[in-house]
Amino acid sequence: MNMKNIKNTDRQISEAVKNEINRQKNTLELIASENFVSSAVLETAGTVLTNKYSEGYPFKRYYGGNQFIDICEDLAIKRAKKIFGAEHANVQPHSGSSANMAAYFALTDWLKKGRKILGMRLDHGGHLTHGSPVNFSGKLFEIVSYGVDKKTQMLDYDEIRKIAKKEKPAIILSGASAYPRKIDFKMFREISDETCAYHMADIAHIAGLIVAGQHQNAVPYADVVTTTTHKTLRGPRGAIILSKKEHAEAVDKAIFPGIQGGPLEHIIAAKAVCFKEAMKPEFVEYQKQIVKNARTLAEELMNNGLTLVTDGTDNHLMLVDVTKIKLTGKAAETILDEVGITVNKNMIPYDNRTPKDPSGIRIGTPALTTRGMGESEMKVIGKIISDVLKNPDSNGVKLKARSTVKELCEEFPIYNTV
Ligand code: PLP
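The rules we used
- Residues numbered from 1 in each chain as written.
- Predicted model: local features only at pLDDT ≥ 70, side-chain atom pairs only at ≥ 80, totals over all residues.
- Heavy atoms only, no water.
- Helix = DSSP H or I, 4+ residues; strand = E, 2+ residues; numbered from the N terminus.
- Rg over C-alpha atoms; globule rule 2.2 N^0.38 Å.
- Buried < 20%, exposed > 50% of the residue type's maximum accessible area, 1.4 Å probe, protein only.
- Contact = heavy atoms within 4.5 Å.
- Areas by Shrake-Rupley, 256 points an atom, 1.4 Å probe, with all protein chains shown as cover.
- 1 Å grid on protein atoms, 1.4 Å probe; cavity = no way out; pocket = protein on both sides within 12 Å on 5 of 7 lines; lining within 4 Å.
- Points joined across faces, edges and corners; volume = space filled by probe spheres on them.
- Nonpolar A, V, L, I, M, F, W, Y, C, P; charged D, E, K, R; others polar.
- Domains from an automatic or database assignment.
- Patch = residues over 30% accessible without salt bridge, like charges linked within 9 Å, V, L, I, M, F, W, Y side chains within 5 Å.
- Salt bridge = Lys/Arg side-chain N within 4 Å of Asp/Glu carboxyl O.
- Buried area = accessible area lost by both parts, 1.4 Å probe.
- Axes fitted to C-alpha atoms, helices over the stretch in contact; angles between N-to-C directions.
- Parallel < 35°, antiparallel > 145°, perpendicular 65-115°, else oblique.
- Left-handed = near helix turned anticlockwise from the far one by under 90°.
- Expected span 1.5 Å × (residues − 1).
- Near = heavy atom within 4 Å.
- Polar contact = N/O pair within 3.5 Å; in protein donor to acceptor, adjacent residues only side chain to side chain.
- Sits in = over half its atoms within 2 Å of the grid points.

Turning to the overall build of the protein chain, a few remarks are in order. For the protein chain, the count of helices and strands is 16 helices and 15 strands. Relative to the globule expectation of 22 Å for 418 residues, the C-alpha radius of gyration of the protein chain, 22 Å, shows essentially globular dimensions. Along the first, second and third principal axes, the C-alpha set of the protein chain runs to 60 × 60 × 40 Å. For the protein chain, the proportion of its 418 residues judged to be buried stands at 56%. Pairs at least 24 apart in sequence give 72% of the contacts found in the protein chain among residues at least 6 apart. Accessible surface, the protein chain as shown: approximately 18300 Å² in total, 52% of it carbon and sulfur.

The structure is reproduced here in structure tokens:
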């Protein structure tokens, strides 16, 4: 990456960026929601498209000079529809949170009617925007929640159906941020039909898996689908909304002029590049490897005595209950950070600790799979994580772990150009 101009203009920022590049190069990124975009996506996100105002939609803009911007956004829309098999796509949401806000507004007629939403509890794996009281969703809507079964720690569709029948929500929301098992979107559709609710799916975490056929697609079974573009999908930071034709106008109006102004066209062009990459056979192999890596890492952690929520994983992530080895989520995150392994503390189902220092950590394989690591590296990493967490006071164990992390980072570079 050429940093000459940043360095000449702003030393403090260039220094911070340089340090962040080194951090990304020299640590093992196991945060389940993160990834490394391709050089093509990175380049596109840094283009002069950032200079342009383009309120409105392709070929219907409120500003002149959009002939080339229209090409980019139109390609992003067409490709998004193709890879997900959707009737309509809006590629303008700045983030997953704004995509969810717009989707709720589109389906609830701008708060005028049917304001109840049934979503997954945050502490059982849902996202803040699925109804948390500290989020706009919990403040603007009436929220009812479902969780996972206490014994299996998995979604209990009979229970969700029971809640839906009793509460009669306007929207039933499927999708999660920290759920290690498959989600049955077809079942959510059936429950929504039985209770006359819209089915909205938030597939932010598993979008890449879906595109590559490694998870059931939510699109045929949901009225509206939202997803971020920067997780397993491996695109720029942002989001899209997919929908059935009948909701297209409401979705578009909810994004603009509803909750956003000028779209980020440099990011939209980068989304288009990401969607093109997602059409390649290599992308299918990549997503298959993410899942294989997650399964191998989960097995290694369990073989070394760690306890996983649901005893394993079907997707790209796993949750470890670290209280079983007398740690807290916060302590485990810090200890792993010290040896160059990045994870995040996370609530686990029926957690009796607080979100600031919960009982678990969440671990995911998309970023390391992008670096080219496979099952044998996952076994090595699983062993280091277990050793470090089980011996938090041993400097010897930490020293050995740090040196293995360094070797792996050198063997699997992120960008050869930065
Ligand atoms: N939905 C889900 C399921 C998520 O996991 C996230 C982010 O982690 C979001 C929405 C929000 O995305 P953003 O951080 O881009 O607002």
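Additional details are given in the paragraphs that follow.
A word on empty space enclosed by the protein. A full pass over the atoms with the stated rule returns 1 cavity of 30 Å³ or more. In this structure, the largest cavity spans a volume of roughly 90 Å³. Along the wall of the largest cavity there are 17 residues; nearest its centre are A176, Y179, I183, H205 and I206. Looking at the lining of the largest cavity, its residues break down into 9 nonpolar, 6 polar and 2 charged. Both domains that meet at the lining of the largest cavity, namely domain 1 (11–32 + 283–413) and domain 2 (42–277), each give it at least three residues.

Moving on, we get to a nonpolar patch on the surface. Residues Y53, Y62 and Y63 make up a contiguous nonpolar surface patch of about 370 Å² in total accessible area. Assignment of secondary structure puts Y63 in the loop between β3 (60–61) and α4 (67–84).

Right, let's get into the domain arrangement of the protein chain. Under the domain assignment, the protein chain is made up of domain 1 (11–32 + 283–413) and domain 2 (42–277). Look at where the C-alpha atoms of domain 1 and domain 2 centre, and you get two points 28 Å apart. Tallying the contact residues gives 28 residues for domain 1 and 25 residues for domain 2. Around 2400 Å² of area is buried between domain 1 and domain 2 when both sides are counted, 60% of it from carbon and sulfur atoms.

This brings us to the packing of helix α15 (residues 375–390) against helix α16 (residues 395–411). How two helices pack is summed up by the angle between their axes together with the distance between the axes. With their axes 10 Å apart at the nearest point, α15 and α16 run at an angle of 155° to one another. The orientation of α15 with respect to α16, classified from their angle, is roughly antiparallel. Handedness of the crossing formed by α15 with α16: left-handed. Between α15 and α16, the contacting residues are E377, V380, I381, I384, D387 and V388 on the first element and V397, A401, T404, V405 and L408 on the second. Within the contact of α15 with α16, the residues separate by chemical class into 8 nonpolar, 1 polar and 2 charged.

Before going further, it helps to examine the layout of surface pockets. Its boundaries defined by the atoms lining it, the largest pocket holds a volume of some 770 Å³. Lining the largest pocket are 35 residues, and of these L122, G126, H127, L128 and S177 lie nearest its centre. Considered class by class, the residues forming the lining of the largest pocket number 9 nonpolar, 19 polar and 7 charged. When residues are assigned to domains, the lining of the largest pocket turns out to be shared by domain 1 (11–32 + 283–413) and domain 2 (42–277), each giving three or more. Size it by volume and the second largest pocket reaches roughly 580 Å³. The wall of the second largest pocket is formed by 22 residues, among which Q24, N35, V37, L42 and Y415 lie closest to the centre.

Turning our attention to α15. For α15, which comprises 16 residues, the first-to-last C-alpha distance of 22 Å matches the rise-based estimate of 22 Å (1.5 Å per residue) to within 8%. Among all positions in α15, only E377, M378, I381, G382, I384, I385, S386, D387, V388 and L389 are buried.

So, about the site of the ligand. Not every one of the 13 residues close to the ligand is listed here, only the nearest: G96, S97, S177, D202 and K231. G96 has a polar backbone atom sitting 2.9 Å from an oxygen atom of the ligand. In the environment of the ligand, an oxygen atom lies 2.7 Å from a nitrogen or oxygen atom belonging to the side chain of S97. Relative to its unbound accessible area of 390 Å², the ligand is 83% covered by the protein chains. Counting atoms within 2 Å of the grid points, the majority share of the ligand lands in the largest pocket. If one sorts the elements of the shell around the ligand by residue count, helix α5 (residues 96–107) sits on top with 3 residues. Of the residues belonging to the shell around the ligand, the class tally is 2 nonpolar, 9 polar and 2 charged.

Under the 1.5 Å per step criterion, the end-to-end length of α5 is 16 Å for 12 residues, consistent within 8% with the ideal 16 Å. Most of α5 is tucked away, with 10 of its 12 residues classed as buried. Among the residues making up α5, those that are buried are G96, S98, A99, N100, A102, A103, Y104, F105, A106 and L107.

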